[in-house]
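Examination of the molecular architecture
Chain by chain, the residues run as shown.
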Amino acid sequence: MSETRKVLARALRQAGVADWSFEARILIEDLAGAGDRLDIDSATRLQAALTRRLAGEPLWRVLGAREFWGLSFRLSTGTLEPRPDSETLIEAALQHLGERRQEALAFLDLGTGTGCLLIAALSEFPLARGTGVDLSEDALATAVRNAVSNGVADRAEFRLARWDAGLCGKFDLILSNPPYISSREIALLEPAVRDHDPHLALDGGADGLDAYRALAGLLPARLAPEGRAILEIGAGQEDDVCALMQAAGLRHLQSHRDLGGHVRALVFTAEL
């Protein structure tokens, strides 16, 4: 097996893959198992995966799943990859609502994708129930499978809708990682994102703020008393998004930075 790993690593390095050693190890572990020798099926899977990776497909899409908050999430063409930066939203939720972990809270995830935010939050709040909303049928089907595999299917439902259309009631926690890349910047993204992530989940309009304008229009009516809305943002968007939410009557409570030190999550409340 060590020789196979060396062959994979060499091929990845020659193709210019930055973290070639890590990726070779992950491919072996995920596709070949723990044995000392490759069988025919494992060798076939590895070769197919290597071919896709060398063609530019991102590692986690090749493998079909990625970890988020210690949980595994299947991917599909209609979903973004869950990324570590987005875990900042779950950390913020625990900081702001952690004292209510044993309450029967209501959660809402707008633009749910894989369901990673909603499912991770439900894993931390055992009595909570949640709704995930998305415009993509493919994404919703993937989110349903992820809820089942991560043991929260009995507390999660998923709806095909634009934002909060058709929903009733208020929510104690509203999460969203909306599209926030400006339309003109899509073509400038690195190929792993531009060519493989769904543009529906990336394109935030001319200035990248279209989704936040929509959210500003609905969040005040959807937040329960003492509820929290936690939104992911892109680089340099903190002031603009805060201004939109405050103009809608929300109060900005805190900004949370990701592991890279960038402001990644903004927390709002309807309490004035």
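Residues numbered from 1 in each chain as written. Predicted model: local features only at pLDDT ≥ 70, side-chain atom pairs only at ≥ 80, totals over all residues. Heavy atoms only, no water.

Quick look at the overall build of the protein
Going by this rule: Numbering of helices and strands starts at the N terminus; helices are DSSP runs of H or I of at least 4 residues and strands are runs of E of at least 2. Note on method: radius of gyration uses C-alpha positions; expected globular size equals 2.2 Å times residues raised to 0.38. Burial classes follow relative accessibility: with a 1.4 Å probe on protein chains only, a residue under 20% of its type's maximum area counts as buried, one over 50% as exposed, and anything between as partly exposed.
Broken down by element type, the protein carries ten helices and nine strands. Radius of gyration (C-alpha) of the protein: 20 Å, near the 19 Å computed for a compact globule of 272 residues. Across its three principal directions, the C-alpha atoms of the protein cover 65 × 40 × 30 Å. For the protein, the residues scored as buried account for 50% of the 272 residues in total.

Looking at the pairing of strand β2 (residues 71-74)
Put simply, the test is: Strand pairing requires that DSSP identify at least two bridges connecting the strands.
Side chains of β2 alternate between two faces, with Leu71 and Phe73 buried and Ser72 and Arg74 left unburied. Bridge count for strand β1 (residues 65-68) against β2 is four bridges, and the pairing is antiparallel. The residue bridging alanine 65 from the neighbouring strand is arginine 74, located in β2. If you look at the hairpin formed by β1 and β2, you'll find two residues sitting between the two strands, and tryptophan 69 has a positive phi there, around 55°.

Examining unusual backbone geometry
Unusually for a residue other than glycine, tryptophan 69 sits at a positive phi of about 55°. Turning to its location among the elements, tryptophan 69 is positioned in the loop between β1 and β2.

Quick notes on the environment of arginine 83
The topology assignment puts arginine 83 in the loop between β2 and α5 (87-97). Owing to a relative accessible area of 28%, arginine 83 belongs among the partly exposed residues under this scheme. Between the C-alpha atoms of arginine 83 and leucine 46, which are 37 residues apart in sequence, the distance is 24 Å.

Describing the sheet that holds strand β9 (residues 263-269)
Applied cut-off: Working convention: axes come from line fits to C-alpha atoms, limited for helices to the stretch in contact. Angles between N-to-C directions cover 0 to 180 degrees. Whether two residues are in contact is decided by their heavy atoms, any of which lying within 4.5 Å being enough.
Here seven strands make up an open sheet; going across it, the order is β5-β4-β3-β6-β7-β9-β8 and the pairing mixed. At either margin of the open sheet sits one strand with a lone partner, and together these are β5 (156-160) and β8 (251-257). When strand polarity is set aside, the average angle formed by the axes of neighbouring strands in this sheet is 20°. Two elements, strand β3 (residues 106-110) and strand β4 (residues 129-134), share five bridges in a ladder whose sense is parallel. The residue of β4 that forms the bridge with leucine 108 is threonine 131. Each of β4 and β5 is contacted by helix α7 (residues 137-149), which is oriented at about 175° to β5, the strand it contacts most. The sheet strands contacting helix α10 (residues 238-247) are β7 (223-232), β8 and β9, and the helix crosses β9 at an angle near 15°.

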